[in-house]
Amino acid sequence: MNATRPRGLTEPAADAAIDAACRNLRLPTMRGQFSELADAAARDQMTYRGFLAELLMAECDDRNRRRSERRIKAAGFPREKALRTFDFDANSAIDPAAIHTLASCDWVRKGLPLCLIGDSGTGKSHLLIALGTEAAMAGFRVKYVLATKLVNELVEAADEKLLTKTIARYGRVDLLCIDELGYMELDRRGAELLFQVLTEREEKNSMAIASNESFSKAHMFRRTCARQRRNFTGSTWRATSARTTP
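Quick summary incoming for the structure in this document. (Residues numbered from 1 in each chain as written. Predicted model: local features only at pLDDT ≥ 70, side-chain atom pairs only at ≥ 80, totals over all residues. Heavy atoms only, no water.)

### Topic: the side chain of Thr133
Going by this rule: Secondary structure elements are defined from DSSP: runs of H or I of at least 4 residues count as helices, runs of E of at least 2 residues count as strands, and each element is numbered from the N terminus. Residue contacts follow a heavy-atom distance rule, with two residues in contact if any of their heavy atoms lie within 4.5 Å.
Assignment of secondary structure puts Thr133 in helix H6 (residues 124-137). Those residues in contact with Thr133 that sit more than four places away from it in its chain are Ile72, Phe77 and Lys81.

### So, the pattern of salt bridges
Test applied: Note on definitions: salt bridges are taken to be side-chain nitrogens of Lys or Arg within 4 Å of carboxyl oxygens of Asp or Glu. Only protein chains enter the calculation, and the probe is 1.4 Å; a residue is then buried if its accessible area is under 20% of its type maximum, exposed if over 50%, and partly exposed in between.
Taken as a whole, this structure holds twelve salt bridges when the rule is applied. When the shortest N-O distance is used, the salt bridge between Arg23 and Asp19 registers 3.0 Å. Here Arg23 pairs with Asp19, and both are found in helix H1 (residues 11-25), just four residues apart, close to one helical turn. On the accessibility criterion, Asp19 (24% relative accessible area) is partly exposed. Ionic pairing is found between Arg65 and Asp62, a salt bridge with its closest N-O pair at 2.6 Å.

### Overview of the packing of aromatic side chains
The criterion, for reference: Two rings from Phe, Tyr or Trp (for Trp, the six-membered ring) form a pair when their centres sit within 6.5 Å of each other. Planes less than 30 degrees apart are called stacked, planes more than 60 degrees apart edge-to-face, and all others tilted.
Counted under the stated rule, the structure contains two aromatic pairs. When the ring of Phe77 is compared with that of Tyr144, the centres are 6.0 Å apart and the planes differ by 55 degrees; the resulting orientation is tilted. With Phe77 in the loop between helix H3 (48-75) and helix H4 (96-102) and Tyr144 in strand S2 (residues 142-146), this residue pair connects regions lying 67 residues apart in the sequence. No difference in accessibility class separates Phe77 from Tyr144, as the two residues are buried. On the basis of an interplanar angle of 75 degrees and a centroid distance of 4.9 Å, the ring pair of Phe86 and Phe88 is categorised as edge-to-face. For the pair formed by Phe86 and Phe88, the shared burial category is buried.

Purely geometric stuff here, so don't read any function into it on its own.
Now the structure itself:
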């Protein structure tokens, strides 16, 4: 039998009851904002439904923000980079519209790969981290790793008979960002282990790779590509989204 709740609570009693209920239901944003929103609702003569909608939307927005923060932290980015801080003027040959199209994350949703190719210091890592961050904010599970670190981890896993488990772990994320591929030469074993990770993800989940080496002949990177090219006056970027025949 449910206990009968008294009606017509005083405001202090109502505040205490709301606070306790929000704690019990784990609604920290509503607990922190209900008093301010209630005062605003009274001033604006909002309906009960309108006030309830404001409270619920505030809670949902804050939860989404916290989830995004957790996904960004879990991705393991080495530093914070955003598209808004990328210097398109210094890389005038890259099309900002193409990059912002990539920021919509439709390619991640479709499981397509992305290659960022160019010389050192041309902004590949910035774009890789920024696009990975956009994907995390859009709700995708993202993991960032340096190519050499990934290969070392795979070699250790193979030695410890944990390779299958490690490859499966990298295969589960929605977007795997591999940075600095091609900067150090891999031995045959390392290359083969890395290839196993890439094969595990091919046509299943997305990869984004930053490299100073061309992937024009690698079938697993054939669908989406952002390339940097060097002219005689300096480093410039050209972004393309291209399909090639297998």
